[in-house]
Amino acid sequence: MNAKTAEAELNHGVSMFKKYKNLLGELTRKSIKLKYRNSWLGILWSFFQPLLNMIVLSVVFSRLLGRGGAGIICYPVYLFSGRIMYEFFVTSTKQAMTAFRRNAAIIKKVYVPKYMYPLSSILSTFVTTSISMLCYVMVWVFFKLTGISGGKDLVFSWHFLLLFVPMFIMLVFSTGIGLILSVLCVYFRDIEYIYDVFTRLLMYLLPILYSVERFKEGSKLRLVIQINPMYSMIELFRQCVLTGEWMHPKMLLYASVTALITLIIGMIVFDWKSDTIIYHL
């Protein structure tokens, strides 16, 4: 492929995106409405669900893993910080993975750029996660004012406003993974069940319930945890909201580059197989 062909395809892709951007918004709103359909509280579950999860996990694990642990400031908020990033990744990628199956009837009848379906699923999850951030801020303020569970050690600074930087990096990373999974799930349906098991294991391979400081510097397990790009994204988020520090430059660079590479790979895989997806639905 020469440079002119590549440029022509890029321009075509941009023009198609602009043409269907309103549809992307409608699909995103539809995904949000369907998620909370027939629910009394509706979208308010985006507010209460992470709060309830934090309370349960804090009660269960605070004595075992968190309270007084090295590198942990206010265990409930520390836990909430990791969970909100982890849940966004898992929920968005799972929704993207099954996007074609859920919209098979429409895909077979109407032409729409196929990436709109997994992308709208990821964006709808990002919207609900942003609503969950309101709950997170209220929890943060509660522990800071009361000082419960070490809340007095929480640092408030303008760096708090940078929390959407790691969230955006996670969005880019999740989009890349979601595009890959959406294609794989069409051809290999069992991957949905395999991925469910993988995400359960992933929670314990990330410092969500515990601090990475529990492991010796240079140990193999600590290295495995730190290589995972999601570790950097979660830690960048915590640096903004827990300690009020500048995001670590090397960690920020690693997370950003990894997310961008993942997105590019996802786009290549999706473009490679998107034209034949309809024959396997």
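Residues numbered from 1 in each chain as written. Predicted model: local features only at pLDDT ≥ 70, side-chain atom pairs only at ≥ 80, totals over all residues. Heavy atoms only, no water.

A word on the overall build of the protein. Along the backbone of the protein there are 11 helices and zero strands. Walking the protein from its N terminus toward its C terminus, one meets helices and strands in the order α-α-α-α-α-α-α-α-α-α-α. If you take every contact in the protein between residues at least 6 apart in sequence, the share linking residues at least 24 apart comes to 76%. If you sum the accessible surface of the protein, you get close to 15,300 Å²; carbon and sulfur atoms cover 68% of it. (Helix = DSSP H or I, 4+ residues; strand = E, 2+ residues; numbered from the N terminus. Contact = heavy atoms within 4.5 Å. Areas by Shrake-Rupley, 256 points an atom, 1.4 Å probe, with all protein chains shown as cover.)

Turning to the nonpolar core, a few remarks are in order. With 77 residues, the main nonpolar core has Val-77, Phe-89, Tyr-136 and Phe-237 as its most contacted residues. For this core, the leading source of residues is helix H3 (residues 75–97), giving 13 residues. Sequence-distant contacts of Phe-237, that is, excluding residues within four places in its chain, are made with Ser-81, Ile-84, Met-85, Met-133, Tyr-136, Leu-163, Pro-166 and Met-167. (Core = buried A, V, L, I, M, F, W, Y, C linked by side-chain atoms within 4.5 Å. Buried < 20%, exposed > 50% of the residue type's maximum accessible area, 1.4 Å probe, protein only.)

Counted at 1.5 Å a residue, the expected span for H3 with its 23 residues is 33 Å, and the 33 Å between its end C-alpha atoms agrees. When you tally the buried positions in H3, you get 19 out of 23 residues, the bulk of the element. (Expected span 1.5 Å × (residues − 1).)

A few words on the packing of aromatic side chains. Two descriptors summarise a pair of aromatic rings, namely the distance from one centre to the other and the angle between the planes of the rings. According to the stated counting rule, one finds 11 aromatic pairs in the structure shown. Look at Trp-158 and Trp-246: their rings are 5.1 Å apart centre to centre, the planes differ by 80 degrees, and that puts the pair in the edge-to-face class. Highlighted residues: Trp-158 in the loop between helix H6 (116–146) and helix H7 (164–187) and Trp-246 in the loop between helix H10 (229–241) and helix H11 (249–273), separated in sequence by 88 residues. Aromatic rings pair up to connect Phe-80, Tyr-136 and Phe-237 into one cluster. The ring of Tyr-78 is capped by Arg-238, whose NZ or CZ atom sits 3.6 Å from the centre of that ring. (Phe/Tyr/Trp six-rings, centres within 6.5 Å; stacked < 30°, edge-to-face > 60°. Lys NZ or Arg CZ within 6 Å of the ring centre and 35° of its normal.)

What follows concerns the confidence of the model for the protein. Scored by pLDDT, the protein comes out at a mean of 83, with 84% of its residues at no less than 70. The element-level mean pLDDT for the protein is lowest in helix H1 (residues 3–35), coming to 67, with H7 highest at 94. (pLDDT = per-residue confidence, 0-100.)

Moving on to a nonpolar patch on the surface. Judged by side-chain polarity, Phe-48, Leu-52, Ile-55, Val-56, Val-59 and Val-60 come together as a nonpolar surface patch covering roughly 520 Å² of accessible area. Tracing the chain through its elements places Val-59 in helix H2 (residues 45–66). (Patch = residues over 30% accessible without salt bridge, like charges linked within 9 Å, V, L, I, M, F, W, Y side chains within 5 Å. Salt bridge = Lys/Arg side-chain N within 4 Å of Asp/Glu carboxyl O.)

Okay, H10 next. Helix length check: H10 (13 residues) gives 19 Å between terminal C-alpha atoms against 18 Å at 1.5 Å per residue, within 8%. Within H10, 13 of the 13 residues are buried, leaving the element largely enclosed by the surrounding structure. A distance of 2.9 Å separates the backbone nitrogen of Met-230 from a side-chain oxygen at the start of H10, and that oxygen is part of Asn-228. (Polar contact = N/O pair within 3.5 Å; in protein donor to acceptor, adjacent residues only side chain to side chain.)

Attention now goes to the pattern of salt bridges. Evaluated as defined, the whole model comprises seven salt bridges. Two residues, Glu-213 and Arg-222, come together in a salt bridge whose shortest N-O distance is 3.5 Å. With a relative accessible area of 6%, Arg-222 lands in the buried category. A network of salt bridges, in which partner residues are shared, links Lys-94, Asp-196 and Arg-200.

This part takes up unusual backbone geometry. A positive phi angle, close to 55 degrees, is found at Cys-74, a residue other than glycine. Looking at where Cys-74 falls in the secondary structure, it is placed in the loop between H2 and H3.

Turning to the environment of Val-183, a few remarks are in order. Assignment of secondary structure puts Val-183 in helix H7. Note: C-alpha distance between Val-183 and Ala-99 (84 residues apart in sequence) is 9.7 Å. The contact partners of Val-183, leaving out residues within four places of it in the chain, are Phe-270, Lys-273 and Ile-277.

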